[in-house]
Amino acid sequence: MRRISILVALVATMGRLVTAQTTDELAETFINEYNAAAELQYYDSVTVSWNYNTNLTSENGLKVQEQAKLDAAFTLKWGGDAKNQFGGVMDQLTPYYLRQIQSIQVLGTANLEDSKQDQYNEITTRMDSVYSTTRVDIDGQSLALEPDLTELMRSSRDYSELKNVWMGWFEGVGQQIKDDYENFVALSNEAYQGDGYADTGEYWRSWYETDDFEAVLEELWQELRPMYLELHAYVRRRLYDNYGAEYINLNGPIPAHLLGNMWAQTWGNIYDLVEPFSGKSSVDATPNMINQNYDAMKMFQVSEEFFTSIGLLEMTDKFWELSMIEKPADREVVCHASAWDFYATTKDDFRIKQCTTVNMEDLITVHHEMGHIQYFQQYANQSVPYRGGANPGFHEAVGDTLSLSVSTPKHLAEIGLLDNVEENYEADINYLMSQALEKIAFLPFGYMIDKWRWSVFDGRTEKSDYQSEWDNLRLQYQGIIPPVIRDQEKDFDPGAKYHIPGNTPYVRYFVSFVVQFQFYKAMCEKAQHTGDLYKCDFYRSKEAGAALGEMLQLGSSEEWPVAMAKLTGSSEMSTLPLQEYFQPLTDWLKQKNIENGDATGWNDTDWLPKGYYPARDAQDFVDLQNSTGETAYNKAVEAEWSYNTDMTAENQQAAIEASQTLSNFIADQGVEAQKFDVTEIEDATNARLVKKMSNLGTGALDADELQEYTQAVSDMSDNYSKATVCDIDGIDGCVPLDPDITNLMATSKNYNTLRQAWKGWRDAVGGNGTDTRETFERYVELSNKAAVLNNFDDMGAYWRSAYETPDFDQQLEKVWLEVLPLYEELHTYVRRKLSEFYGSDVINLQGPIPAHLFGNMWAQDWAGLYDIVEPHSGKVRPNADEALQSWTVEEMFQVADDFFSNMGLEAVPAEFWNMSMLTKPEDRDVVCHASAWDFYNRKDFRIKMCTTKTQRDFITIHHELGHIQYYLQYKDQHVAFRDGANPGFHEAVGDTLALSVSTLEHMAKLDLIPTPADDSESNINYLMSQALDKIAFLPFGYLIDKYRWDVFSGRVDSRNLNQGWWEYRLKYQGVTPPLPRDEYDFDPAAKFHVSNNVPYIRYFTSFILQFQFYEALCDASGHQGPLYKCDFDSNLDAGAKLGNMLKLGSSVIWEDALEQVTGTREMSSASLLRYFADLQDFLKVENDKHREVRGWPDYSWEPPTNTIVNEDWTVSIDNGATTTSTSLLPCFLAAVYLILFH
């Protein structure tokens, strides 16, 4: 029985062998027949395609479509036959025949019904045509991709030019084919699903015959990624050095258009920007190629000679006869370099199509393409299904393997394209850098293109996500971003890469960039190379050529691991040879990045480069920001108004939150605006708007710091507004600044009481018992941080930027020096009058004046001294206070409003009367400081003022209504232009009108004073009253921000804030504190604008500009006589001149606005000096008469503190009292005065 079983088994085995042999024989016969037919069919097909690619006509395009039908019919016939004959016996075929039959059985698009085949062919032809014929308009020239746009991307270093080229190409091609590509995907998937594949991507991956192919690729990439990250970080740093922080973020991705290549796939063209060691030889054969009169033919001959030198095949006669190696001048062609196998039965028709440019890059490309030709030639005797690379990556790798040898300095020198070869470390690093820019830079691009396509084919990425997923993968793998925002609906950047519309799988290139180094190392070993791998040149090594040739002859007849092992001895893909090749450069890059302080990667993925929004989108952007800005500003102003008119904790918190919200809005707006490059925006108005909106303000701070900043400002403001002073002689209880202390300072003549009030206010706001100084110091820190985040050195620079004048500091100093002589005459005259009034014990005729004696808490306005300093007694200056008592506050405002409307300007709207706060409420705390408010809805404008019925407040009403008039005039401007031409303009407008209103003639016209006398003494008295307001203010208006700018910049040390304050008060004003001050005090906080974070230099500029405006309007009104007597009330010409300027808002620079009114573009004190010329003459005479010393040379003098006030207000010294002073201020001031004045 056992023998019988063995016999049965033997017979069965023999039967199977016979069957297998019979099946293989059938397969061989079938394949031979197929080969004969396929060579003829493919020859026709490739010929038609060649004719179209080398002559892009519609006629040739139709022939391609017609041929595609024939090809489909051929595939359908032979594929169907293969399925019919072998479908049931596939398991009986040996691998050699099985793989061929499987290949023939794939029908692809032949699976589609005829109408869908037609549609598929039309789509692919149309996409090809779009890619190949698209032109981009650059500076009026219509440029093709090759060579024009490619050359611009290679050679230009102009950020905007490169961006325009990039946009033109990607949008010109991609947008046209997006719809077609969606339909192509659907048809392609349907075709390969007919062959049993899930989608086209799965079919493509099947060529690699590796079950876990995607996992293998990811593993390879992860091994290579660290090298890429080091290169990316280094290149990013060098691009940063060239383009700056606006365009390159050292922690972010790189804009895609800056890497010398349209697709950022290779970076060799920016070698000049990233060269490690300048002056060392670089491997660029281009200059010598040009000098030696290389042309395309010479480049191809040099390439062929390399192949034959290692024993490989020369090009055929037909190759030289039929290839297209230069771009024809007479027709459109597909310039993308490619190698073609025509499957000719004669085995001699192989061609290259290339629009060759004479440079080293194209010389390498020639070798690459000729590598394909060599592969064609070597496997030409294989059956048609095996005429291909062992896998698609092998085909790409062959030419590149040879190029690694060709590009070595040694080889280039040997063929006469390099003059000398430097053998040193620095030259080697330079060479490796040039190679890495081609090889390492390419890796993520080579990987991600098909990752994107596979996700499209399998449905994970739908059409709506084509662009975003492309951008995401480019960011994830390459660390690059598009230079301009992409329209997710319209844009289709993948389509701007040839292989997408050309339907050419791409991961082959990633594979090839790995295996080429394995091939290279193996051939170097065959050539007996020793030393560094990157120096190997196997030129003329027949052993290396033979080893390569043996592998090439296999075609795809063996699975790729077998072919790999034949050449390299290993059956696996490995990155180790690539890593070995670049190891010296990788080590150098790591060290260099550490030295530069540069981390690898691009963690700041939210960053976008300047100009990310294209100029064409500017109009939509500014329109959107106008509407959203009105809402944002309105909400913030409403909340701030509520707090200022009802100072409750609830309203304060609401105001803080609204302020933070506005800051965030401004910051968000600024971030968006910074994505434009204003130099690219042709419309000047839109360019200016975008520039103005580009500052982030304090919103640049992070959320916690912004909240802290807002709270600090609110706390200082709240402290200022709620502060009261107690224990003032003659006043019961505790009283606020307004109106109580302000009235006391203006009316009292009691030296000691004034000093009590002066000190009490400063103690209450900034004294040792408050947190004001600490809060201010933190406010300064956060302000500076915000300024730096806005690209300014400090907050002072940020504030000055509002004037858009680079030499603004110098202009201010020039004007100040022009008015200083007038101020010194006034200061000298007033000092003598005070000495006469208070006595010489407390007034030093050669020293500074005690700061509490000027009738004003801050010595900024000396009008309260008029009674003491009146030039001509008996010539009483008429005062409107008495007459105003019979007026209501509303009447004061109505008369002031009539002044504007009588000039043809705007009357205030009804909302003004319904919503303003014109008097101080008795039932709640309010901020009394007079202010005008724009609610940014083009109808709601208000004034907040604790009005008293005085001439001073009557003038202030006109000033505040001047702000309202400005608001009314520019209300229809873009919200970003609703501001003064510069901050000083806004202040100047109201004061300009106040100069007219305050003339004695105007007051008399309103029956507020009797008809004034017109004589020189009365005129001097009037000018004195004006000077005590205008001239006395100038140094104070100048010094407050001079001081703050120096605090922000650090020139005033934070340890000496109070000392620094008084140094400036001494230098510019010639005033001194009435009591010793030290660093426990913080006197700047006693000024509203310091505690409330309001820039102040605007007031100085306004006091200059208002006289320029005033003189211009007086001229327009036809005024004759002294300037100070001009009243342009009811003059329409003056109103029109002013109104036309006000309508501009800040839509023009302030010099333009100034010129519109005054005819000059320069801020000048000339008008002011003309106004006060008669007074200045008078003061000179009076001061000379008393032989007065101008200035305050006895700068270290301190007022006594042990003072007694006599009944006639004179002051005596109480010699029985002890004067105590712990202040070091006089010593500091003495030193400062010596420095400043000597």
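**What to know about the overall build of the protein chain**
Across its full length, the protein chain holds 48 helices and 14 strands. Relative to its length of 1238 residues, the protein chain is extended, with a C-alpha radius of gyration of 43 Å against a globular reference of 33 Å. For the protein chain, the spread of C-alpha atoms along the three principal axes comes to 150 × 75 × 60 Å. Within the protein chain, buried positions represent 60% of all 1238 residues. For the protein chain, the proportion of contacts with a sequence separation of at least 24, taken over those separated by at least 6, is 78%. Only carbon and sulfur atoms are counted for the fraction: they give 47% of the accessible area of the protein chain, which is about 48,400 Å². If you average the places of the 100 positive and of the 189 negative side-chain charges in the protein chain, the two averages end up 1 Å apart.

**Observations concerning the environment of Arg 832**
Looking at the element boundaries, Arg 832 is found in helix H31 (residues 808-838). The spatial distance from the C-alpha of Arg 832 to the C-alpha of Asn 53 is 98 Å, given a sequence separation of 779 residues.

**Quick word on the environment of Tyr 643**
With respect to the helices and strands, the residue Tyr 643 is situated in helix H23 (residues 618-644). As a C-alpha pair, Tyr 643 and Glu 314 span 329 residues in sequence and 89 Å in three-dimensional space. Among all residues touching Tyr 643, those that are not within four sequence positions of it are Thr 648, Asn 651, Gln 652, Ala 655 and Asp 718.

**Description of helix H16 (residues 425-439)**
The α-helix advances 3.6 residues per turn, and as a result positions three or four apart in sequence lie on the same side. In this model, H16 (15 residues) spans 20 Å end to end at C-alpha, consistent with the 21 Å of a helix rising 1.5 Å per residue. Among the 15 residues in H16, 12 count as buried, and that is most of the element. Those residues of H16 lying buried are Ala 427, Asp 428, Ile 429, Asn 430, Tyr 431, Leu 432, Met 433, Ser 434, Gln 435, Ala 436, Leu 437 and Lys 439. For H16, the capping residue at the N-terminal end is Asn 424, with a side-chain oxygen 3.2 Å from the backbone nitrogen of Glu 426.

**Description of the packing of aromatic side chains**
The way to describe two aromatic rings as a pair is by their centre distance and the angle between their planes. A complete count under the given rule lists 114 aromatic pairs for this structure. For the pair Trp 758 and Trp 1062, a centre-to-centre distance of 6.0 Å together with 45 degrees between the ring planes defines the contact as tilted. Pair noted here: Trp 758 is in helix H28 (residues 751-766) and Trp 1062 is in helix H41 (residues 1057-1069), with a separation of 304 residues, a long-range link. Judged by its relative accessible area of 0%, Trp 758 is buried. Of the residues examined, Trp 1062 reaches a relative accessible area of 1% and is grouped as buried. Ring pairs connect the aromatic residues Trp 816, Tyr 823, Phe 854, Trp 862, Tyr 1038, Tyr 1043, Trp 1061, Tyr 1064, Tyr 1068 and Phe 1100, which therefore count as one cluster. Cation over ring: Lys 298 sits above Tyr 294, and NZ or CZ is 5.6 Å from the ring centre. Seen from the ring of Trp 641, Arg 942 lies directly overhead, with NZ or CZ sitting 5.1 Å from the centre.

**A word on unusual backbone geometry**
A cis amide bond, omega 0 degrees, links Glu 146 with the succeeding residue Pro 147. Along the chain, the position of Pro 147 falls in helix H5 (residues 145-155). With an omega of 0 degrees, the peptide bond running from Asp 738 to Pro 739 counts as cis. When you line up the elements, Pro 739 lands in helix H27 (residues 737-747). Even without being glycine, Arg 938 reaches a positive phi, approximately 70 degrees. Note that Arg 938 resides in the loop between strand E10 (931-934) and strand E11 (941-944). One non-glycine residue, Asn 1093, lies in positive phi territory at about 60 degrees. Topologically, Asn 1093 is positioned in the loop between helix H42 (1088-1091) and helix H43 (1097-1116).

**Some thoughts on the state of the cysteines**
For the structure on display, the rule yields 5 disulfides. Here Cys 928 is linked by a disulfide to Cys 946, with a sulfur-sulfur distance of 1.9 Å. Taking the sign of the S-S torsion, about -85 degrees here, the bridge from Cys 928 to Cys 946 comes out left-handed. On the criterion of sequence distance, the pair formed by Cys 928 in the loop between helix H35 (910-915) and E10 and Cys 946 in the loop between E11 and helix H36 (951-970) is long-range, its members being 18 residues apart.

**Some words on the packing of H27 against H28**
At a minimum axis distance of 9 Å, the contact between H27 and H28 shows a crossing angle of 145 degrees. Like other packed secondary-structure pairs, H27 and H28 cross with a definite hand, here left-handed. Contacts between H27 and H28 pair Leu 737, Ile 741, Leu 744 and Met 745 from the former with Thr 753, Leu 754, Ala 757, Trp 758 and Trp 761 from the latter. For the contact of H27 with H28, the per-class residue count stands at 8 nonpolar, 1 polar and no charged.

**Describing a negative patch on the surface**
Together, Asp 211, Asp 212, Glu 219, Glu 223 and Glu 572 make up a region of like negative charge exposed at the surface. According to the relative accessible area criterion, Glu 223 is partly exposed, its value standing at 33%.

**Concerning the side chain of Asp 1083**
Position of Asp 1083 relative to the elements: it lies in the loop between strand E12 (1071-1072) and H42. The contact partners of Asp 1083, leaving out residues within four places of it in the chain, are Trp 758, Arg 762, Asn 1058, Trp 1061, Trp 1062 and Arg 1077.

**Some words on the pairing of strand E5 (residues 350-353)**
Side chains Phe 350 and Ile 352 of E5 all project onto a buried face; the interleaved residues Arg 351 and Lys 353 project onto the opposite face, where all are buried too. Direction of pairing for strand E4 (residues 338-341) relative to E5: antiparallel, over a ladder of 4 bridges. Paired with Trp 340 across the strands is Arg 351, a residue of E5.

**A look at the pattern of salt bridges**
The tally for this structure, following the rule as stated, stands at 69 salt bridges. A salt bridge links Glu 1188 to Arg 832, with the nearest nitrogen and oxygen atoms 2.0 Å apart. Separated by 356 residues along the polypeptide, Glu 1188 in the loop between helix H47 (1173-1185) and strand E13 (1203-1205) and Arg 832 in helix H31 bring together distant segments of the chain.

**Here we look at the environment of Leu 112**
Checked against the element boundaries, Leu 112 lands in the loop between helix H3 (95-105) and helix H4 (114-133). Separated by 1031 residues in the primary sequence, Leu 112 and Lys 1143 place their C-alpha atoms 69 Å from one another. Those residues in contact with Leu 112 that lie beyond four places of it in its chain are Gln 117, Tyr 120, Leu 187, Glu 190 and Ala 191.

**A word on the confidence of the model for the protein chain**
Mean pLDDT over the protein chain works out to 92, with 96% of the residues at or above the 70 mark. Here residues 1-20 scores under 50 on pLDDT; set against residues more than four positions off or in separate chains, the count is 2 contacts. Below a pLDDT of 50 lies the segment residues 1219-1238, which in the model reaches 33 contacts outside its immediate sequence neighbourhood of four places, other chains included.

**Quick look at the pairing of E10**
Along E10, one buried face is formed by Ser 931 and Trp 933 and the opposite face, lined by Ala 932 and Asp 934, is buried too. With 4 bridges joining them, E10 and E11 adopt antiparallel strand pairing. Each bridged residue has a counterpart across the sheet, and for Trp 933 the counterpart in E11 is Arg 942. Turn length for the E10-E11 hairpin, with the two strands adjacent in sequence and antiparallel, is 6 residues, and the turn residue Tyr 936 shows positive phi of about 60 degrees.

**So, the side chain of Arg 508**
Mapped onto the elements of the fold, Arg 508 is located in helix H19 (residues 507-526). Buried charge without a partner: Arg 508 forms no salt bridge, and the closest opposite charge is Glu 396, 4.2 Å away. Look past the residues within four positions of Arg 508 in its chain and what remains in contact with it is Trp 207, Tyr 208, Pro 392, Gly 393 and Glu 396.

**Here we look at helix H11 (residues 296-309)**
In this model H11 runs 20 Å from its N-terminal to its C-terminal C-alpha over 14 residues, within 8% of the 20 Å that 1.5 Å per residue would give. Those residues of H11 not exposed but buried are Ala 296, Met 299, Phe 300, Val 302, Ser 303, Glu 304, Phe 306, Phe 307 and Ser 309. The opening residue of H11, the one whose side-chain oxygen lies 3.3 Å from the backbone nitrogen of Met 297, is Asp 295. Residue Gly 311 follows H11 closely and has a positive phi angle near 85 degrees.

Rules and cut-offs
Residues numbered from 1 in each chain as written. Predicted model: local features only at pLDDT ≥ 70, side-chain atom pairs only at ≥ 80, totals over all residues. Heavy atoms only, no water. Helix = DSSP H or I, 4+ residues; strand = E, 2+ residues; numbered from the N terminus. Rg over C-alpha atoms; globule rule 2.2 N^0.38 Å. Buried < 20%, exposed > 50% of the residue type's maximum accessible area, 1.4 Å probe, protein only. Contact = heavy atoms within 4.5 Å. Areas by Shrake-Rupley, 256 points an atom, 1.4 Å probe, with all protein chains shown as cover. Lys, Arg positive; Asp, Glu negative; His and termini not counted. Charge placed at Lys NZ, Arg CZ, Asp CG, Glu CD. Expected span 1.5 Å × (residues − 1). Polar contact = N/O pair within 3.5 Å; in protein donor to acceptor, adjacent residues only side chain to side chain. Phe/Tyr/Trp six-rings, centres within 6.5 Å; stacked < 30°, edge-to-face > 60°. Lys NZ or Arg CZ within 6 Å of the ring centre and 35° of its normal. Disulfide = S-S within 2.5 Å. Axes fitted to C-alpha atoms, helices over the stretch in contact; angles between N-to-C directions. Left-handed = near helix turned anticlockwise from the far one by under 90°. Nonpolar A, V, L, I, M, F, W, Y, C, P; charged D, E, K, R; others polar. Patch = residues over 30% accessible without salt bridge, like charges linked within 9 Å, V, L, I, M, F, W, Y side chains within 5 Å. Salt bridge = Lys/Arg side-chain N within 4 Å of Asp/Glu carboxyl O. Pairing = 2+ DSSP bridges. pLDDT = per-residue confidence, 0-100.

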